[in-house]
Amino acid sequence: MIETRNLSKVYGKKDSTMQAVRDINLKLEQTKTIAIIGKSGSGKSTLLHLIGGLDRPTSGEVIILGRNLTQLSKREMDDYRSQDLGFVFQSFFVEPNQTCYQNVALPLEINRVPVAQRRQKIEEALKQVDLLDKIKSKAVTLSGGEKQRLAIARAIVSNPKIILADEPTGNLDSATGDKVINLLFDLHRKHGTALVIVTHDQDIAKRCDIRVMIKDGSVEKIEGVIKE
Ligand SMILES: Nc1ncnc2c1ncn2[C@@H]1O[C@H](COP(=O)(O)OP(=O)(O)OP(=O)(O)O)[C@@H](O)[C@H]1O
Ligand SMILES: [Mg+2]
């Protein structure tokens, strides 16, 4: 279950504050595909960052896979992020001067996976995104779509339970974007990986089981099946 309770985030101090997330209560089955939609500036990325433990709420709670994120120590939070989550961002965030191998190896290093077990996992992840032939190439030499697929390989290499994707196709042409999205939905189908996708794309939103519409930091509407 992906749950938020009275979740709020206020940026800034004193006279220049901005409430990016307002009192959001969600209870979403973690086996599902979930789209978060809403206008620019409505608080989608902030919400995703709070769920991913990349940012701490001002008030309220996030409870995921039975763990209350607000109660985790820094170490426990790092473990949660590296073991249970995969992140895919619009602007890729791959290390340009590292090879594809090194980029995908990063989560395994963080999770202290023994070196001898790494290569097979890395090759498997790169194969899934059709980049095995680029294993020795530096990320800087890849096209935009290839970088995004590399980011996905890195996100999936540790078999996360949930993938959090912020506009994963935002920088891609529609054909490449379709490939990337199909890849994420394939992962969901084959491995049951939950997907939480922030998107402006109505077609992607329609493919998801649940659509959460955000307006001015609040949940405006939820569409789709939600089970207790
Ligand atoms: N670090 C920050 N400091 C101050 N304000 C911030 C910060 N991050 C986001 N905001 C503000 O919070 C609001 C929500 O931002 P957020 O990035 O969550 O929007 P979004 O829905 O993801 O928008 P977009 O679709 O453009 O990516 C915006 O008004 C933004 O300016
Ligand atoms: Mg955003």
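The structure displayed is predicted, hence computed values, not measured ones. (Residues numbered from 1 in each chain as written. Chains lettered and ligands numbered in written order. Predicted model: local features only at pLDDT ≥ 70, side-chain atom pairs only at ≥ 80, totals over all residues. Heavy atoms only, no water.)

Even after reading the chapter, I still don't get the overall build of the chain, so can you show me in this structure?
Within the chain, the regular secondary structure consists of 7 helices and 10 strands. For a compact globule of 228 residues, the expected C-alpha radius of gyration is about 17 Å, and the chain comes in at 17 Å, within 12% of that figure. The C-alpha extent of the chain, read off along each of the three principal axes, is 50 × 40 × 40 Å. Out of the 228 residues belonging to the chain, those deemed buried represent 50%. Considering only contacts in the chain between residues 6 or more positions apart, those separated by 24 or more positions represent 66%. As presented, the chain carries roughly 11400 Å² of accessible surface, and 47% of it is formed by carbon and sulfur atoms. Across the chain, the mean location of the 35 positive side-chain charges is 3 Å away from that of the 29 negative side-chain charges. (Helix = DSSP H or I, 4+ residues; strand = E, 2+ residues; numbered from the N terminus. Rg over C-alpha atoms; globule rule 2.2 N^0.38 Å. Buried < 20%, exposed > 50% of the residue type's maximum accessible area, 1.4 Å probe, protein only. Contact = heavy atoms within 4.5 Å. Areas by Shrake-Rupley, 256 points an atom, 1.4 Å probe, with all protein chains shown as cover. Lys, Arg positive; Asp, Glu negative; His and termini not counted. Charge placed at Lys NZ, Arg CZ, Asp CG, Glu CD.)

How should I be thinking about the pairing of strand E3 (residues 33-37) in this particular structure?
The side chains of a regular strand alternate between the sheet's two faces. Burial of E3 is extensive: 5 of the 5 residues sit out of reach of the surface. Residues Thr 33, Ala 35 and Ile 37 point to one face of E3 and Ile 34 and Ile 36 to the other, with burial holding for every one of them. Bridging between E3 and strand E8 (residues 194-198) involves 4 bridges; their strand directions are parallel. Paired with Ile 34 across the bridge in E8 is Val 196. Alignment of E3 against strand E9 (residues 210-215), held across 4 bridges, turns out to be parallel. By the bridge assignment, Ile 34 is partnered in E9 with Ile 210. (Pairing = 2+ DSSP bridges.)

Sorry if this is basic, but what is going on with a negative patch on the surface here?
A surface patch of negative charge is lined by Asp 173, Asp 178, Asp 201 and Asp 203. Along the chain, Asp 203 falls in helix H7 (residues 202-207). Taking relative accessible area as the criterion, Asp 203 reaches 53% and is therefore assigned exposed. (Patch = residues over 30% accessible without salt bridge, like charges linked within 9 Å, V, L, I, M, F, W, Y side chains within 5 Å. Salt bridge = Lys/Arg side-chain N within 4 Å of Asp/Glu carboxyl O.)

Is there a simple way to think about helix H3 (residues 100-110) in this case?
Given 3.6 residues per helical turn, the α-helix brings residues three or four places apart onto the same face. The set of residues buried in H3 consists of Cys 100, Asn 103, Val 104, Ala 105, Pro 107 and Leu 108. Taken from the residues just after H3, Arg 112 is the one with a positive phi, measuring 55°.

Could you clarify how one ought to interpret the site of ligand 1 in this entry?
Neighbouring ligand 1 are Tyr 11, Met 18, Ala 20, Lys 39, Ser 40, Gly 41, Ser 42, Gly 43, Lys 44, Ser 45, Thr 46 and His 200. Residue Ser 42 places a main-chain N or O atom 3.2 Å away from an oxygen atom belonging to ligand 1. Protein chains bury 59% of the 630 Å² of accessible surface belonging to ligand 1 in isolation. Every element with two or more residues in the shell around ligand 1 is listed here: strand E2 (16-28) and helix H1 (44-51). Here the shell around ligand 1 gets 3 residues from one element, more than from any other, and that element is H1. (Near = heavy atom within 4 Å. Polar contact = N/O pair within 3.5 Å; in protein donor to acceptor, adjacent residues only side chain to side chain.)

Looking at this structure, I do not really get helix H2 (residues 74-84). What am I missing?
Regarding H2, the residues found buried are Met 77, Tyr 80, Ser 82 and Asp 84. Of the surrounding elements, those touching the buried residues of H2 are H1, strand E4 (59-64), strand E5 (67-68), strand E6 (85-89), H3 and strand E7 (162-166).

Mind showing me how you'd approach the nonpolar core here?
Side chains of a nonpolar character, in soluble globular proteins, are inclined to be buried together. Of all hydrophobic cores here, the largest spans 39 residues; its most connected members are Val 104, Leu 126, Leu 150, Ile 152, Ile 163, Leu 184 and Ile 197. Counting residues per element, the ones that place at least two in this core are E3, H3, helix H4 (115-128), helix H5 (144-156), E7, helix H6 (174-191), E8 and H7. Apart from residues no more than four positions distant in its own chain, Ile 152 is found in contact with Val 88, Val 129, Val 180, Leu 183 and Leu 184. Counting residues in each nonpolar core, the second largest holds 29 residues, with Val 21, Tyr 80, Ala 194 and Val 198 among its members. (Core = buried A, V, L, I, M, F, W, Y, C linked by side-chain atoms within 4.5 Å.)

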